Amino acid sequence: MTDRIVLAYSGGLDTSVAIGWIAEATGAEVIAVAVDVGQGGEDLETIRQRALDCGAVEAYVADARDEFANEYCMPALRANALYQDSYPLVSAVSRPVIVKHLVAAAREFGATTVAHGCTGKGNDQVRFEVGIQTLGPDLKCIAPVRDLALTRDKAIEYAERNNLPIETTKSNPFSIDANVWGRAVETGFLEDIWNGPTKDVYQYTDDPTHPPVVDEVTITFSKGLPVAIDGNAVTPLEAIQEMNRRAGAHGVGRIDIVEDRLVGIKSREIYEAPGAMALIAAHKELENVTVEREQARFKKTVGQRWTELVYDGQWFSPLKRSLDTFIDDTQTYVNGDIRMELHGGRATVTGRRSETALYDFNLATYDSGDTFDQSMARGFIELFGMSSKVASGREQRAAEGNQ
C-alpha cells in the first residue's frame with residue numbers, strides 16, 4: 001500500500017507546490033488539510049478544489065471558526081495572555097486546533113506522516129510537531145521548506161513548469177499569518193528594526209491618527225466570557241468579529257515588537273489584534289472589580305506561565321492543563337459590564353458594574369455613609385510593619401557595634 005502524507009494546506013503558492021514536491025520526493029500520496037480559523041480570503045470549497053487540481057488524492061476541509069473562538073481564543077482571553085506583555089498569541093493559539101484536524105485527517109485517511117509549511121527558524125515548527133507528537137505519537141512529521149529544500153524560487157519555477165492553478169507572479173514582501181484573533185506580519189523591510197511599518201502592512205486596523213468619532217461600547221461578561229455587546233447576545237466568535245470591526249476602525253491593537261522566539265533568536269513582528277486587545281483590556285478591568293486580591297496577584301504569575309507554555313507549543317502539556325483548572329476557578333465571579341471608549345488607537349475603560357463585585361461603595365467612600373472603621377488602621381500598620389521594624393533595629397545595633 002502506498003504511504004499517505006497529510007499536508008497542512010493554506011491554498012497559497014508554497015503549500016500548493018508542496019503537494020507535488022512531497023509526492024515526488026517521497027513517493028507518497030498527499031492529502032491536503034485546510035482549516036478555517038477566520039483567516040478570510042477564499043472559501044473552503046475553492047481551496048479544496050485547488051488542492052485536488054494540484055495533485056492531492058484527497059482534500060479535507062474544516063470550518064473551525066467557532067471551535068477556535070470557543071476552545072482556544074476564550075482560554076487566552078481568560079488568561080489575559082500577552083507574550084512579553086504585548087502579543088496576544090495570534091498564531092500560537094491557532095496551531096493546536098489545526099494540529100487537531102491534521103491528526104484527525106491522518107486517522108481518517110490512513111496517513112503515517114504529517115507535513116507542514118514551516119521553516120527551521122520559527123516557532124510554528126515546534127508548535128505543529130510537538131502537538132502532533134502529543135495527539136498522534138505514532139505519526140512522523142516532515143516540513144518541505146525545512147527538510148525537502150523547497151525555496152520560494154523553486155516553488156515558483158515548479159508551479160510554472162507544471163501549470164499549477166496558482167498565482168505565482170504576485171510579489172508580496174511579507175510573510176503573513178491571519179485568523180479571527182489577529183494578524184501577524186513579518187519579513188521584508190521589517191527585518192531592519194529601524195524601519196517603521198508602512199500603511200500597506202495593515203489590514204485589520206485603520207490609521208489611528210485619523211479616527212472616526214468616539215465609539216462607546218459595553219461588553220457583558222459571564223464567568224470571564226463575553227456574552228453580549230451593547231445588550232445584544234453574542235457567541236465568542238461574534239464577540240471577536242464585532243470588536244475586530246469596531247476597535248479596528250479606530251486603529252486599536254497595532255503591535256510592533258522585537259520578540260524572543262523559542263528557537264533562541266529575536267524577531268521583529270507586526271501584529272494587528274483589535275478585537276483581542278479590546279476584549280483583554282475589558283476582561284482585565286472586570287477582574288480588578290471581581291477577583292480577590294491575593295488570587296488576582298497569583299493569577300498574573302499563572303497567566304504569564306500559561307502564555308509562555310502556549311507560545312512555546314505546549315498547549316497539550318500537563319502543566320498547561322493544570323493551569324487551565326486554576327484559571328477556570330478564578331473566573332467564577334467575573335461577571336458584569338465594562339463600558340469602553342474606542343478612539344485614536346485606544347480602548348479606554350470608562351465604566352464598570354457587576355452583581356458579583358468585591359468593590360463596596362460604603363467601604364470605599366470618603367463621604368457620609370462610610371462604614372470603614374478607621375480606628376483599626378493604627379494597629380494594622382503597627383503589626384504590618386513589625387518584621388521590618390525589628391530587622392531595622394538589628395541593623396542599627398550592628399552598625400553601632402562596629403563603630
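The structure reproduced in this document is the subject of the present report. This one's a predicted model, so the numbers in the text were calculated from it and none came from an experiment. (Residues numbered from 1 in each chain as written. Predicted model: local features only at pLDDT ≥ 70, side-chain atom pairs only at ≥ 80, totals over all residues. Heavy atoms only, no water.)

1. Some points on the overall build of the chain
What counts is decided by this rule: Strands are runs of DSSP state E lasting at least two residues, helices are runs of H or I lasting at least four, and both sets are numbered from the N terminus onward. Contact criterion: two residues are considered in contact whenever any of their non-hydrogen atoms come within 4.5 Å of each other. Computed with a 1.4 Å probe, the accessible areas rest on the Shrake-Rupley method; for each residue, only the protein chains presented here act as cover. When charges are counted, Lys and Arg are positive and Asp and Glu negative, with His and the chain ends excluded. Charge placement uses NZ in Lys and CZ in Arg. For Asp and Glu, CG and CD serve respectively.
When helices and strands are counted, the chain shows 14 helices and 14 strands. Counting only C-alpha atoms, the chain reaches 85 × 60 × 45 Å along its principal axes. Taking contacts inside the chain between residues at least 6 apart in sequence as the whole, the part at least 24 apart equals 73%. As displayed, the chain has an accessible area near 20400 Å², and 50% of this comes from carbon and sulfur atoms. For the chain, the distance from the average position of its 41 positive side-chain charges to the average position of its 60 negative side-chain charges is 4 Å.

2. Focus: the sheet that holds strand E1 (residues 4–8)
Within a sheet, neighbouring strands are paired by backbone hydrogen bonds and run either parallel or antiparallel to one another. Counted only if it meets this: When DSSP locates at least two bridges between a pair of strands, those strands are taken to pair. The axes used here are C-alpha line fits, helices contributing only the stretch in contact, and every angle between their N-to-C directions lies in the interval 0 to 180 degrees.
Across the sheet, five strands lie side by side as E3-E2-E1-E4-E5; this open sheet has parallel pairing. Two strands bound the open sheet, and with one partner strand each, they are strand E3 (58–63) and strand E5 (140–142). Averaged over all adjacent pairs, the angle separating strand axes in this sheet is 25 degrees, with direction ignored. Relative to strand E4 (residues 113–115), E1 runs parallel, the two being bridged by three bridges. Within E4, the residue paired with Leu7 across the bridge is Ala115. Sheet contacts for helix H2 (residues 44–53): strand E2 (29–36) and E3; angle to E3, the most-contacted strand, approximately 165 degrees. Sheet strands in contact with helix H4 (residues 94–109) are E1, E2, E3 and E4, and its direction is about 140 degrees off that of E3.

3. Details of the pairing of strand E14 (residues 346–353)
Pairing of strand E13 (residues 336–343) with E14 involves seven bridges; the strand directions are antiparallel. From the neighbouring strand, Ile338 faces E14, where its bridge partner is Arg352. From the end of E13 to the start of E14, which pair antiparallel, there are two residues, and Gly344 there has a positive phi angle of about 55 degrees.

4. Here's the deal with the nonpolar core
So the rule is basically this: Buried Ala, Val, Leu, Ile, Met, Phe, Trp, Tyr and Cys residues that are joined via side-chain atoms within 4.5 Å together make up what is termed a nonpolar core. Note on exposure labels: buried denotes an accessible area under 20% of the residue type's maximum, exposed denotes more than 50%, and partly exposed covers the range between, all computed with a 1.4 Å probe on protein chains only.
The biggest cluster of nonpolar side chains holds 78 residues, and the ones touching the most others in it are Val6, Phe68, Leu89, Trp181 and Trp306. Examining the composition of this core, we find that eight residues originate from one element, H4, more than from any other. The contact partners of Trp306, leaving out residues within four places of it in the chain, are Pro75, Ala76, Ala79, Ala81, Leu89, Trp315, Lys320, Leu323, Asp324 and Ile327. Core analysis: the second largest hydrophobic core is formed by 27 residues, Tyr9, Trp21, Ala34 and Leu164 among them.

5. Let's talk about the packing of helix H1 (residues 13–26) against helix H7 (residues 152–161)
Put simply, the rule is: To sort the angles, those under 35 degrees are grouped as roughly parallel, those over 145 as roughly antiparallel, those from 65 to 115 as roughly perpendicular, and the leftovers as oblique. Residues are grouped as follows: Ala, Val, Leu, Ile, Met, Phe, Trp, Tyr, Cys and Pro are nonpolar; Asp, Glu, Lys and Arg are charged; every other residue, Gly included, is polar.
The interhelical angle for the contact between H1 and H7, taken along N-to-C directions, is 80 degrees, at an axis separation of 9 Å. One way to sum up the angle between H1 and H7 is to call them roughly perpendicular. Note on element contacts: H7 touches H1 through Arg152, Lys154, Ala155, Ile156, Tyr158 and Ala159, opposite Leu13, Asp14, Val17, Gly20, Trp21 and Glu24. Class assignment for the residues of the contact of H1 with H7 results in seven nonpolar, one polar and four charged.

6. Observations regarding the environment of Asn162
Tracing the sequence through the fold places Asn162 in the loop between H7 and strand E6 (175–179). Residue class for Asn162 comes out partly exposed when judged on its relative accessible area of 33%. With 33 residues separating them along the chain, Asn162 and Asn195 place their C-alpha atoms 38 Å apart.

7. Some points on the pattern of salt bridges
One side chain can pair with another of opposite charge once the charged atoms of both are near each other. Stated formally: In what follows, salt bridge is the name for a side-chain nitrogen of Lys or Arg lying within 4 Å of a carboxyl oxygen of Asp or Glu.
Taken as a whole and assessed by the stated rule, the structure comprises 33 salt bridges. Across the salt bridge formed by Arg127 and Asp124, the nearest N and O atoms sit 2.8 Å from each other. Of this pair, Arg127 and Asp124 both sit in helix H5 (residues 124–135), three residues apart, which is roughly one turn of that helix. Like Asp124, Arg127 is buried. For Glu242, the salt bridge identified is with Arg245, shortest N-O distance 3.1 Å. A residue pair is termed a helical-turn pair when its members lie 3 or 4 positions apart in one helix, as Glu242 and Arg245 do in helix H8 (residues 236–248) at three residues. Judged by its relative accessible area of 22%, Glu242 falls in the partly exposed class. Arg245 sits in the exposed class, given a relative accessible area of 54%. In this structure, a network of salt bridges that share partners links the residues Asp215, Asp230, Glu242, Arg245 and Arg246.

8. Some points on a nonpolar patch on the surface
The condition is simple: Like charges within 9 Å and nonpolar side chains (Val, Leu, Ile, Met, Phe, Trp, Tyr) within 5 Å are joined into patches, using only residues over 30% in relative accessible area that form no salt bridge.
A surface patch of nonpolar side chains, amounting to about 400 Å² of accessible area, comprises Phe380, Ile381 and Phe384. With respect to the helices and strands, Phe384 occurs in helix H13 (residues 376–384). For Phe384, a relative accessible area of 65% corresponds to the exposed category.

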